[in-house]
Amino acid sequence: MVAISRAQATRVDVPDCLADDDGPAGVDRIHRAVYQRQFHRPSGIELGQRVLLEVGEVVGEIVQIRVNTFAVSAVDDGHANPSTAGGGSSLRLDLSGRLADHNELEIELESTLDAEGRPRLVGGVNLWILESE
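The structure presented is a predicted model; accordingly, all values stated were derived computationally and were not measured. (Residues numbered from 1 in each chain as written. Predicted model: local features only at pLDDT ≥ 70, side-chain atom pairs only at ≥ 80, totals over all residues. Heavy atoms only, no water.)

## Topic: the sheet that holds strand β4 (residues 49-55)
Then step 1. Strand order in this open sheet of three strands is β8-β4-β11, and the pairing throughout is antiparallel. Each edge of the open sheet is held by one strand with a lone partner, namely β8 (91-94) and β11 (125-131). Mean inter-strand twist for the sheet, computed between neighbouring axes without regard to direction, equals 30°.
Then step 2. Strand direction decides the pairing type here: β4 and β8, joined by four bridges, are antiparallel. Bridge pairing in β8 places L52 opposite D94. (Pairing = 2+ DSSP bridges. Helix = DSSP H or I, 4+ residues; strand = E, 2+ residues; numbered from the N terminus. Axes fitted to C-alpha atoms, helices over the stretch in contact; angles between N-to-C directions.)

Rendered as structure tokens:
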């Protein structure tokens, strides 16, 4: 994934475990970060299967999640925002019917008053293909 701050774009692995002092030089504190990733539609999806996006723990708060420039809402799926690391929570969003052959995922984060360090994804980000219930 690519983490973008107002200062610069940096390629990072997710989970993003870089210490705060490993960030861009000359930046006192990053208050907002956007992670971007391009991916192809998973192959082998059959009728009746669902595709879920799982976003693990974050430091800070999720401002918005976009797939192909369309906002994906956690409210649609009845899940809470997994804000601030330490809770061990994850967010799952149903992307069934929303994926194209080529896709771009953006996860935008911002700092919160109680968050330690820069906003970042400290948990994994995964796509799951599930049988419909």
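## Points about the confidence of the model for the chain
Then step 1. Taken as a whole, the chain shows an average pLDDT of 78; of its residues, 71% reach a score of 70 or greater.
Then step 2. Within the chain, the element-level pLDDT minimum falls on strand β1 (residues 2-4), averaging 56, and the maximum on strand β9 (residues 102-110), averaging 94.
Then step 3. Here residues 75-80 is modelled with pLDDT under 50, and outside its nearest four sequence neighbours on either side it reaches eight contacts, counting other chains as well. (pLDDT = per-residue confidence, 0-100. Contact = heavy atoms within 4.5 Å.)

## A word on the nonpolar core
Then step 1. Judged by nonpolar contacts, the single largest core of 20 residues is most densely connected at V55, I65 and I107.
Then step 2. Mapped by element, the contributors of at least two residues to this core are β3 (32-40), β4, β6 (61-67), β8 and β9. (Core = buried A, V, L, I, M, F, W, Y, C linked by side-chain atoms within 4.5 Å. Buried < 20%, exposed > 50% of the residue type's maximum accessible area, 1.4 Å probe, protein only.)

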